[in-house]
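Given next are the chains, with one letter for each unit.
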Amino acid sequence: MNTAATRTFDERTLRTLPEAPAFLGDLRERAFEEFRAMPPPSPETEEWRYTDLTAFELAFAPAEVGRPARTTSNQDLEALGVTFCDLDEAAARTPELVREHLHALVPTGRTRFTALHGAFREGGTFLHVPRGVRVELPLQTLTHLDADGTAVFPHTVLIAEEGADVTFIDRYASRPLRGALADAIVEITVGDGARVRYASIQEWGDGVTHLGVQRATVGRDAEFRSLAIGFGASLARAEAETVLAGQGGSSEMLGIFFADGAQHFDHRSVQDHVAPNCTSSLLYKGALRDASRAVFSGWVHVRPGAQKTDAMQTSRNLVLSEHAKADSIPNLEIEANDVRCGHAASVGPVDEETLFYLESRGIPRDEAERLIVTGFFQEVLDRVSLEEVRHGAELAIQEELGRAPEEDVA
Amino acid sequence: MAISQEEHLKELSKGYRFDWKDPEHPVFEPKRGLSAQVVEEISSLKDEPDWMRKARLKALKHFEARPMPWWGADLSDIDFDNIFYFIRSTEKQAQDWNDLPEDIKGTWDKLGIPEAEKKYLGGVSAQYESEVVYHKIKKELDDIGVLFTDMDSAVRDYPDLVREHFGTLIPANDNKFAALNTAVWSGGSFIYVPPGVQVDIPLQAYFRINAENMGQFERTLIIADEGSYVHYVEGCSAPIYSSDSLHSAVVEIKAMKGARVRYTTIQNWSTNVYNLVTKRAAAYEDAVMEWVDGNIGSKVTMKYPSIYLLGEGARGEVLSVAFAGKGMHTDAGGKAIHAAPHTTSVITSKSVSKDGGRTGYRGLVRVEPDAHHARSNVRCDALILDDESRSDTYPYIEVEDETAALGHEATVSKVGEDQLFYLMSRGLSEVEATAMIVNGFIEPITRELPMEYAVELNRLIELQMEGSVG
């Protein structure tokens, strides 16, 4: 199973990590202690009820960190005062800023996996947009994994200062691998009046286990729009959390996934309304084929005093084969009374009546089903403002639909 | 006032003529706490068959082995060692009218509850004058072959029927509180409706009030045989004062092929009671099972009536209304497990919280593999009346069949300003207007209640609204 067994997550490997500023060294040590002390997340807890990793062996070696590819869309970021660089490089250059934000939103002690991440992470992306600066075109990091039996710890720290405006895409990709782990963390600070659009596109190959935690805090009158696209990995658990911390903030969280084969997707979301007068909306849509399994569990929290909250949460699942399985748990916890909160969830097959209608118009059944699935995703895609991301997702959906269903996977 | 409840009960039991058979226990002294000995004593006092005694003892082991639920309401204040697990019904009338909380007595007055019934509700008297009505109904039921009795008598009188069904839907090790109930149960109702028989009046525990139907650990078993119909009504909308801090009932219902069972509960325990109840029904081919479940009182309620749709074409419905005021946490909901093709379920939940109360909907809709063409719809609405109160919604949807179509929707809101304004411009006070809006909000539930219950529930909501606004 483990092709690079020479190095694993022990103290010796920890000592071989490149030199780092003192604060980072301390953080690694603390995280390593947490990692050693913490048990794997228990399926007895609500958070891990549908994904049991108690028997998950961390038989991976830290991957050689190649340079993740960063794309600036040919913009002169330096002239704008924008920092967009490797996270460790930033830790050396602007230690105060990194120290303030690294693991501030996602503490290392959150789970055994975030602790592991804190201890063994190398590289990552640091994006800082100063006050009032607008970055016209999207910036992007591509994290790539190429060796069997290795682990990678992608980390993005994104800070948009007051009134800043930026679009960022995290893209994860690999070929099919014999056992690999991607243990990712994304921390986003949206300053007062700032606008951030964030997309993560997960296209790991088969054999990859993806465990991602994304958390954003949204300031006063700020706007955060996030999109999570998940097509890859054998097991993908993606947590996306938005905290509405300042009055008048707004958040949109979109999700698209397509599961096939024996893929297991566990999507978790949090819309946490701490400040009054904020708006949040979430829409996750997914299709399932073969013997795949998808779980959506979302939480809307409205904290005491967060009056005039408007929160909506919607999860829709289209089940395309007999052995696929979808679970949906949209939760609400409301502690303020002057609110508008709602959620909706559905799990169901392609509507027979719609199929019948299309077939009666002479469209073959396969084609009709494909049209319906495309239409199902269109509601989310229509809300994606990034042209290239939307187009990419459309192509990926068509590719999934074009793929012959796997037989006898169950 | 100087003597404790314990001493008081001891005092009472001294003068009581016991008629049990076991010479080794000449006097049963109520005592706090739970042990195999207490369970043995309960069983021997009831002169039960050996299988029931063994079932109780086995359940006790499950209870002891099980951890407390880590989810749901806070149960950490329950002191299992400080509870009377069995008190004879005659001993229960130990309350002094003057000791009852004034607010409860006031509510009874305002609801217009008759004096004798008030005394019963307060635990001051064992019965009010329902005897005559009860016997008349009993005779009518006997004539059509319906068995309707308390559970203790059923174990004695219909041992085969009870043994065949008891604990089959809710096994003793189902959960900690079902285990507790199985170990120490007492009272509750037993109903058997023969094939094709339609019981056209609602059977109300009310009518056989002298039986131990409102105990702490009641156990109810209802079997509606093929093609029959019965509506059972449990509880009442008037607040029930209980000095017992823990109420943990188990209700099992079987709706056989083509049968229809409706089970209505209006629970209004006083706000010192932990109400932790397991209710489960099985609906076989083309059967219909309906739970109408109102939770108005108690300190903590955890109750999720479930329906196992086991036969093709079975239908299930849960209507749940929950209210939580000051210091209350009402965690209610419903479950529908689709285990056969072409089954349908509908869950409707309405909750109202005020004065710092917390209501929750917790539900599960599950479609088993091969339960093809299942349909389910869940609708939860919550009304929060002030900024100290809270509402939670935890709906679980689990689907293992691709032909299933499930939907869930929920909303949380406050009383609309424009609605209030409109009603007040018509001359209603704010309290009256709010009460009217809340009554309208829970109307989908009240319209399903027998008339007298609906009237009482509406009046109760009006009372609860008093002092809540302004």
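These numbers come from a predicted model, not from an experiment. (Residues numbered from 1 in each chain as written. Chains lettered and ligands numbered in written order. Predicted model: local features only at pLDDT ≥ 70, side-chain atom pairs only at ≥ 80, totals over all residues.)

Novice: How should I be thinking about the overall build of chain A in this particular structure?
Specialist: Scanning chain A for helices and strands turns up nine helices and 20 strands. Counting only C-alpha atoms and orienting by the principal axes, one finds that chain A spans roughly 70 × 55 × 45 Å. For chain A, buried positions account for 52% of its 410 residues. (Helix = DSSP H or I, 4+ residues; strand = E, 2+ residues; numbered from the N terminus. Buried ≥ 20, exposed ≤ 12 C-beta atoms within 10 Å, placed from the backbone.)

Novice: Quick question: what am I supposed to make of the interface of chain A and chain B here?
Specialist: How big an interface is tends to be stated in terms of the accessible area lost upon association of its parts. Each partner contributes residues to the interface: chain A has 32 residues there, and chain B has 30 residues. Elements supplying a minimum of two residues to the side of chain A that touches chain B: β19 (325-334) and β20 (340-348) of chain A. Element by element, the count of residues in the side of chain A that touches chain B is highest for β19(A), at 10 residues. Classifying every residue of the side of chain A that touches chain B by side-chain character gives 15 nonpolar, nine polar and eight charged. Across six bridges, β19(A) lies against strand β18 (residues 390-399) of chain B in antiparallel orientation. Paired with Glu333(A) across the two strands is Asp392(B), which belongs to β18(B). (Contact = placed C-beta atoms within 7 Å. Nonpolar A, V, L, I, M, F, W, Y, C, P; charged D, E, K, R; others polar. Pairing = 2+ DSSP bridges.)

Novice: What's the story with the environment of Thr330(B) in this structure? I'm lost.
Specialist: Residues and elements named next belong to chain B. Secondary-structure assignment places threonine 330 in strand β14 (residues 329-338). Its 30 C-beta neighbours within 10 Å are what place threonine 330 among the buried residues. Each C-alpha atom, one on threonine 330 and one on glutamate 466, is 20 Å from the other, the two residues being 136 residues apart in sequence. Apart from the residues within four sequence positions on either side, threonine 330 is in contact with Asn295, Thr301, Ala322, Phe323, Ala324, Thr359 and Gly360.

Novice: Please explain the confidence of the model for chain B as it appears in this structure.
Specialist: Residues shown with low pLDDT carry predicted positions that ought not to be read at fine detail. Residues and elements named next belong to chain B. Here chain B averages 82 in pLDDT, while 80% of its residues score no lower than 70. Within chain B, no element has a lower average pLDDT than helix α4 (residues 89-92), which sits at 45, and none a higher one than strand β12 (residues 306-309), at 98. This stretch, residues 8-27, has a pLDDT under 50; its non-local contacts, to residues over four places away or in other chains, come to 24 contacts. Across residues 207-214 the pLDDT falls below 50, and counting only partners more than four positions away or on other chains, this stretch makes 27 contacts in the model. (pLDDT = per-residue confidence, 0-100.)

Novice: Teacher, can you tell me more about the packing of helix α8 (residues 365-381) of chain A against helix α9 (residues 387-402) of chain A here?
Specialist: What describes two packed helices is the angle between their axes and the distance between those same axes. All names here are of chain A. Running from N to C, α8 and α9 cross one another at 155°; their axes reach a closest spacing of 11 Å. Of the possible angle classes, the one that applies to α8 and α9 is roughly antiparallel. Crossing hand, α8 versus α9: right-handed. For the pair α8 and α9, contact is made by Arg370, Val373, Thr374, Phe377 and Leu381 and by Arg390, Ala393, Glu394, Ile397 and Leu401, respectively. Split by residue class, the contact of α8 with α9 holds six nonpolar, one polar and three charged. (Axes fitted to C-alpha atoms, helices over the stretch in contact; angles between N-to-C directions. Parallel < 35°, antiparallel > 145°, perpendicular 65-115°, else oblique. Left-handed = near helix turned anticlockwise from the far one by under 90°.)

Novice: Teacher, can you tell me more about the nonpolar core here?
Specialist: One recurring pattern in soluble globular proteins: nonpolar side chains tend to sit buried together. By size, the foremost hydrophobic cluster in this structure holds 236 residues, and its most contacted members are Ala255(B), Val261(B) and Ala283(B). Sort the elements by how many residues they give to this core and strand β9 (residues 180-190) of chain A lands first, with eight residues. (Core = buried A, V, L, I, M, F, W, Y, C linked by C-beta atoms within 7 Å.)

Novice: It is not clear to me how the environment of His338(B) should be interpreted in this structure. Could you clarify?
Specialist: Position of His338(B) relative to the elements: it lies in strand β14. Once residues lying within four places of it in the same chain are set aside, the contact partners of His338(B) are Leu309(B), Thr343(B), Ser345(B), Arg366(B), Val367(B), Glu368(B), Ala371(B), Ala374(B) and Ser376(B).

Novice: Looking at this structure, I do not really get the pairing of strand β8 (residues 260-267) of chain B. What am I missing?
Specialist: All names here are of chain B. Here β8 lies mainly inside the structure; seven of its eight residues are buried. Where β8 and strand β10 (residues 288-295) come together, eight bridges link them in parallel fashion. By the bridge assignment for β10, threonine 264 is matched with valine 292.

Novice: Help me understand the pairing of strand β11 (residues 300-303) of chain B in this model?
Specialist: Remark: a regular strand shows side chains that alternate across the two faces of the sheet. Residue and element names in this part refer to chain B. Alternating positions in β11 separate into two faces, Val300 and Met302 on one and Thr301 and Lys303 on the other, with burial throughout. Here four bridges tie strand β9 (residues 274-283) to β11, and the two strands are oriented parallel to one another. Across the sheet, residue tyrosine 274 finds its bridge partner in β11, namely valine 300. Two elements, β11 and β14, share four bridges in a ladder whose sense is parallel. Note on β14: the bridge partner recorded for threonine 301 is threonine 330.

Novice: Just checking my understanding: could you explain the packing of helix α3 (residues 50-65) of chain B against helix α10 (residues 176-184) of chain B for this structure?
Specialist: Residues and elements named next belong to chain B. Direction vectors running N to C along α3 and α10 enclose 150°, while the axes themselves pass 7 Å from each other. The angle between the axes of α3 and α10 places the two elements in the roughly antiparallel class. Here α3 runs over α10; the crossing is left-handed. Note on element contacts: α10 touches α3 through Lys176, Ala179, Leu180, Thr182 and Ala183, opposite Ala55, Arg56, Ala59, Leu60, His62 and Phe63. Per-class residue counts for the contact of α3 with α10 are seven nonpolar, two polar and two charged.

Novice: It is not clear to me how the confidence of the model for chain A should be interpreted in this structure. Could you clarify?
Specialist: Residues and elements named next belong to chain A. Mean pLDDT over chain A: 92, with 96% of residues reaching 70 or higher. Element-level mean pLDDT values for chain A span from 85 in strand β1 (residues 61-62) up to 98 in strand β7 (residues 155-160). Contacts for the low-pLDDT stretch residues 1-5, under 50 throughout, to residues beyond four places or in other chains number 11 contacts.

Novice: Just checking my understanding: could you explain helix α12 (residues 430-441) of chain B for this structure?
Specialist: Structural remark: α-helix, 3.6 residues per turn; residues separated by three or four positions point the same way. All names here are of chain B. Taking 1.5 Å per residue as the helical rise, α12 with its 12 residues ought to reach 16 Å, and the 16 Å between its terminal C-alpha atoms agrees with that figure. Among the residues of α12, Ala433, Thr434, Ala435 and Val438 are the ones counted as buried. Contacts made by the buried residues of α12 are with β15 (344-353), β17 (375-384), α11 (417-425) and α14 (451-465). (Expected span 1.5 Å × (residues − 1).)

Novice: Which parts of the structure should I look at to understand α14(B)?
Specialist: For α14(B), which comprises 15 residues, the first-to-last C-alpha distance of 21 Å matches the rise-based estimate of 21 Å (1.5 Å per residue) to within 8%. Buried within α14(B) we find Tyr453(B), Glu456(B), Leu457(B), Leu460(B), Ile461(B), Gln464(B) and Met465(B).

Novice: Quick question: what am I supposed to make of unusual backbone geometry here?
Specialist: Trans peptide bonds make up the majority, and among non-glycine residues the majority have a negative phi. All names here are of chain B. Although it is not a glycine, aspartate 286 adopts a positive phi angle of roughly 55°. Along the polypeptide, aspartate 286 turns up in the loop between β9 and β10. For aspartate 286, a count of 20 C-beta atoms within 10 Å translates into the label buried. Backbone geometry places aspartate 370, a non-glycine residue, at a positive phi of 75°. Here aspartate 370 is to be found in the loop between β16 (358-367) and β17.

Novice: Is there a simple way to explain the environment of Leu332(A) in this structure?
Specialist: Here Leu332(A) lies in strand β19. Taking the C-alpha atoms as reference points, Leu332(A) and Gln271(A), separated by 61 residues in sequence, lie 9.5 Å from one another. In this view, Leu332(A) contacts Val300(A), Cys341(A), His343(A), Asp392(B), Thr393(B), Ala410(B) and Val412(B); residues no more than four positions away in its chain are not counted.

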